[in-house]
Amino acid sequence: MKNKELNKTNSSPGGRRNFFLLFSIMISVSLISVSIMILTIYDHQLTQHEIQLRATVQSQARLIESVALYDIEMAEIINQLDPSYDPSESTIRQIIKALHTYELDLQLTEFTLAEHQGDYINFLVRHRHGNDQLPEPIAYDSQWAEPQRRALNGESGSDIALDYRGEIVLAAYEPVKYLDLGIVAKLDLAEIRAPFIRAVLFGGLSVIVLIIIGTVVFFRISNPVLKRLQNYTQELLNEISERKALQKTLQESEKKFRTVVTNSEEIIYMISKDGTFTLSEGKGLAKLALKPGEVVGSSVFEVYKDYPAMLDDMRSVFKGETVTNEIDIGGIVYRSWYTPNRNDDGEITGLFGFSVDITELRLIESRLRQQQKLESIGTLAGGVAHEINNPINGIMNYAQLLIDRLDPESPLVEFAQEITKETERVASIVCNLLSFARHDKQSHSLADPADIVNNTTMLIKTIIQKDQISFTIDVPENLPKIKCRNQQIQQVLMNLLTNARDALNVRYPEHNVDKILNLQARQFEQDNQRWLRITPEDHGSGIPAEIKERLFDPFFTTKDRTRGTGLGLSISHSIVEEHHGRLTFESKVNEYTRFLLDLPIDNGWILEKNDGKVLH
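Overview of the structure. (Residues numbered from 1 in each chain as written. Predicted model: local features only at pLDDT ≥ 70, side-chain atom pairs only at ≥ 80, totals over all residues. Heavy atoms only, no water.)

### Notes on the environment of Pro-480
Stated precisely, the cut-off is as follows: Only runs of H or I of at least four residues qualify as helices and only runs of E of at least two qualify as strands under DSSP, and these elements are numbered from the N terminus. It only takes one pair of heavy atoms within 4.5 Å for two residues to be counted as in contact.
For Pro-480, the location among the structural elements is in the loop between β13 (470-474) and β14 (482-484). It is 10.0 Å that separates the C-alpha atoms of Pro-480 and Asp-602, two residues lying 122 residues apart in sequence. Each residue touching Pro-480, except ones within four places of it in the same chain, is listed here: Pro-449, Gln-523, Arg-530 and Ile-601.

Okay, here's the thing in structure tokens:
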């Protein structure tokens, strides 16, 4: 019964396939091994032949040189008896005679001696197994004369090349001194390879026969084991396929998650309980000059050591709390959520964090609050103006009555006129204050730079003089009008002048001759465009180099929080950019600060007159 099962297994397609697969593998491995072994022996044998050829050709060359040297020395004596005696011919005759009397050590070695005559190589001696027939002369530059040509050129060595017959040979070559000849000893490569080719054929056939016998025996003995192994392998393959399918699903889910996390504008991170970052992803990291994954492996207590409040919140999360906070990091306001990470046993292993940049939201909220404050101030100013206008009008009327009733020569007339002048100034200030406080949507209009400066300085000049600041204004009356929102440019200029006043008071709390504030306006041209430049310059404390790059950032301020929110310059910068202008500055610590408010005279805005017509 077992034999039938074995025969059935061997005769099945799977059994035959396994048989031939195993047979092929064993044949391939065995033939490769035999081939490598024979090639190694062949390479060693080739090296030995090369060494022997070089030794032979060198000994023959030295022998011929010795004979030639002896013949040259004897030529002086022999020439007295036989003037036709030629030592070179004598040497060659002796060599030929010697070759007839003995064989070279290498049975297969051929020995040739040749000279260079004109464009040909002329063979003088050829010896191989007693066959001394000389080859025909060959061209000096022929590819069949390579070993002989190298010897005649004075080179010494060995190489595999073509000889004068066009056969591939292993040749050793050597020059012969005193005679200008070249000697070559060579073996046909085919004769060297012949025994190895026979060995490969015999060894290969032997290996194939042995493998066939071994394979048949192996299958007879191991077929049941292979069957069980095949079943186990199939089960293992099925399990691997299932794991691969699960792994592929997991990889796809991970890829989707990583795509969402990597492309998120927020910052997503995970921190272990010892404070080490294990995840740090999101485009929002770029705002902190960080790359995704850059802080992984670093300690949060080291990276954010300057933000103790945030670290305290994280410590609370490690205790099991879920925390939400807002924090300013480098001028960027983040809202962060922290929640504990727990393992399967419910133990806290770290925290998961999610941070969103809400700087723009806070800026909008602050601007909205500013808008509401200005609207409240506008309402209050309107009420104050209404209440003040009535008594001011009364004072102006009474002063006029005094002027009308007094004798024109009376000194009291001058006093009454001063009363009228001052009440008119109060009325103008109230009017400007009301206009400045209004923050409703203002339309574009043509504005006179002198009016902008005068209306703004009228509101702050008294405070500046009270602080004992020397304030000079240089604004020509003939400056061209600009397209702008008048009230917004006044707001920018008011902010710059207020900052200049604060800087001067910081440096000079009391009166000082250098407590100076200058305001200048000029027209200039750049890139074929006309510009207006308004320049407030103070001799105050200056702007340190380390904060220059952050000066226009929202919420950044060097003042106490009770004196400013850090929004003034940021909003001013935005207003100037909306007008297609530039707001820049120049400063030197404890010397000066100069702001350059540049506005295009024609910024391309379309103006609308009161009658509805469009004015370009």
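### Quick word on a nonpolar patch on the surface
Applicable threshold: Exposure above 30% relative accessible area and the lack of any salt bridge qualify a residue for a patch; like charges then connect within 9 Å, and the nonpolar side chains Val, Leu, Ile, Met, Phe, Trp and Tyr within 5 Å. Reported accessibility uses the Shrake-Rupley method at a 1.4 Å probe radius. Residues are deemed covered only where the shown protein chains occlude them. Definition used for salt bridges: Asp or Glu carboxyl oxygen within 4 Å of a side-chain nitrogen of Lys or Arg.
A grouping of Leu-229, Tyr-232, Leu-236, Leu-237 and Ile-240 is seen on the molecular surface, where their side chains present a nonpolar patch of about 460 Å² in accessible area. Looking at where Tyr-232 falls in the secondary structure, it is placed in helix α5 (residues 189-262).

### Examining the sheet that holds strand β5 (residues 168-176)
To be explicit about the condition: Any two strands between which DSSP finds at least two bridges are classified as paired.
The 6 strands lie next to each other as β3-β2-β1-β6-β5-β4, forming an open sheet whose pairing is antiparallel. The outermost strands of the open sheet, each flanked by one partner alone, are β3 (138-139) and β4 (157-162). Relative to β5, β4 runs antiparallel, the two being bridged by 6 bridges. Looking at β5, one finds that Gly-157 is bridged to Tyr-173.

### A few points about the packing of aromatic side chains
Convention followed: Ring pairs shown here join Phe, Tyr and Trp side chains whose ring centres sit within 6.5 Å, with only the six-membered ring taken for Trp; geometry is labelled stacked below 30 degrees between planes, edge-to-face above 60, and tilted in between. Only protein chains enter the accessibility calculation, which uses a 1.4 Å probe; a residue whose area is less than 20% of its type maximum is buried, one above 50% is exposed, and one in between is partly exposed. Charge-over-ring contacts are defined here by two conditions on Lys NZ or Arg CZ: a distance within 6 Å of the ring centre and an angle within 35 degrees of the ring normal.
Per the counting criterion, the structure on display carries 6 aromatic pairs. An angle of 40° between the planes, with centres 5.7 Å apart, marks the rings of Phe-585 and Phe-595 as tilted. Of the two residues, Phe-585 is situated in strand β17 (residues 582-588) and Phe-595 in strand β18 (residues 592-600); the sequence distance between them amounts to 10 residues. For Phe-595, a relative accessible area of 8% gives the class buried. Of note, Arg-533 hangs over the ring of Phe-524, and the distance from its end group to the ring centre comes to 4.7 Å. The positively charged end of Arg-582 is found above the aromatic ring belonging to Trp-531, 4.1 Å away from the centroid.

### Focus: the sheet that holds β17
The criterion, for reference: Fitted lines through C-alpha atoms serve as axes, helices being fitted only where they are in contact, and the angles separating the N-to-C directions of these axes extend from 0 to 180 degrees.
Spatially, the 5 strands line up as an open sheet ordered β13-β15-β16-β18-β17, and their pairing is mixed. Each of the sheet's edge strands pairs with one partner strand only, and the pair in question is β13 and β17. With direction set aside, neighbouring strand axes in the sheet form an average angle of 20°. Bridging between strand β15 (residues 516-526) and strand β16 (residues 529-538) involves 10 bridges; their strand directions are antiparallel. Following the sheet pairing, Ala-521 is matched in β16 by Ile-534. Against the sheet, helix α10 (residues 449-466) makes contact with β13, β15 and β16, and its axis sits at roughly 175° relative to β13, the strand it touches most.

### Examining empty space enclosed by the protein
To keep it simple, the criterion reads: Buriedness for pockets is judged along seven lines, at least five of which must meet protein on both sides within 12 Å for an open set on the 1 Å grid over protein atoms alone, while cavities are sets there where a 1.4 Å probe fits but cannot get out, and lining residues have an atom within 4 Å of a point. Grid points are joined across faces, edges and corners, and a volume is the space filled by probe spheres set on the points. Note on residue classes: Ala, Val, Leu, Ile, Met, Phe, Trp, Tyr, Cys and Pro are nonpolar, Asp, Glu, Lys and Arg are charged, and everything else, Gly too, is polar.
In this structure the tally under the stated criterion is 2 cavities of 30 Å³ or more. One number sums up the size of the largest cavity: a volume of about 170 Å³. Taken together, 19 residues form the lining of the largest cavity, with Ile-267, Tyr-269, Leu-288, Tyr-304 and Ser-355 sitting closest to its centre. Only β7 (267-272), β8 (277-281), α7 (308-318), β9 (323-329) and β10 (332-342) provide two or more residues apiece to the lining of the largest cavity. Its residues placed into classes, the lining of the largest cavity shows 16 nonpolar, 3 polar and no charged. Approximately 70 Å³ is the volume attributed to the second largest cavity. Elements supplying a minimum of two residues to the lining of the second largest cavity: α4 (146-152) and β6 (181-188). Grouping the constituent residues of the lining of the second largest cavity by class yields 7 nonpolar, 2 polar and 2 charged.

### Side note on unusual backbone geometry
Its identity is not glycine, yet Ala-289 carries a phi of approximately 60°, on the positive side. For Asn-590, which is not a glycine, the phi torsion comes out positive at approximately 60°. By the secondary structure assignment, Asn-590 is in the loop between β17 and β18. A relative accessible area of 43% places Asn-590 in the partly exposed class.

### Quick word on the pairing of β8
Looking along a regular strand, one sees side chains alternate from face to face of the sheet. Most of β8 sits out of view: 4 of its 5 residues are buried. Pairing geometry for β7 and β8, over 4 bridges, is antiparallel. Bridge pairing links Ile-268 to Glu-281 in β8. Turn length for the β7-β8 hairpin, with the two strands adjacent in sequence and antiparallel, is 4 residues, and the turn residue Gly-275 shows positive phi of about 95°.

### Some remarks on the pairing of β16
Of all the 10 residues making up β16, 7 are buried; the element is thus mostly covered by neighbouring parts of the structure. The hairpin formed by β15 and β16 contains 2 residues between the paired strands, and Asp-527 there has a positive phi angle of roughly 55°. Here 6 bridges tie β16 to β18, and the two strands are oriented antiparallel to one another. Bridge assignment links Glu-537 to a residue of β18, and that residue is Arg-594.

### Brief notes about the nonpolar core
Applied cut-off: Here the nonpolar core consists of buried residues drawn from Ala, Val, Leu, Ile, Met, Phe, Trp, Tyr and Cys, with membership extended through side-chain atoms lying within 4.5 Å.
One finds Leu-517 and Phe-595 to be the most contacted residues of the largest nonpolar core, which totals 41 residues. It is helix α11 (residues 486-507) that provides the largest number of residues to this core, a total of 8 residues. Setting aside residues up to four positions removed in sequence, Phe-595 forms contacts with Leu-496, Ile-534, Thr-535, Pro-536, Ile-543, Leu-551, Phe-552, Leu-569, Leu-583, Thr-584 and Phe-585. Within the second largest apolar cluster, 29 residues are counted, among which are Tyr-42, Phe-111, Leu-113 and Ala-172.

### Notes on the pattern of salt bridges
When their charged atoms lie close together, side chains carrying opposite charge are able to pair. All chains considered together, the criterion is met by 23 salt bridges. Here Glu-65 ties to Arg-62 by a salt bridge, and the two come within 2.9 Å at their closest N and O atoms. Placement of both Glu-65 and Arg-62 in helix α2 (residues 13-81) is noted, with a separation of 3 residues, approximately one turn of the helix. Note on Glu-65: relative accessible area 8%, which makes it buried. For Arg-62, a relative accessible area of 34% puts it in the partly exposed group. Between Asp-598 and Arg-533 there is a salt bridge, with the nearest N and O atoms lying 2.7 Å from each other. Linking Asp-598 in strand β18 with Arg-533 in strand β16, this pair joins segments that are 65 residues apart in sequence. Judged by its relative accessible area of 2%, Asp-598 is buried. By relative accessible area, Arg-533 is classed as partly exposed at 28%. Each of Glu-146, Arg-149, Arg-150 and Asp-159 takes part in one network of salt bridges that share partners.

Don't take any of this as a statement about function, it's just geometry.
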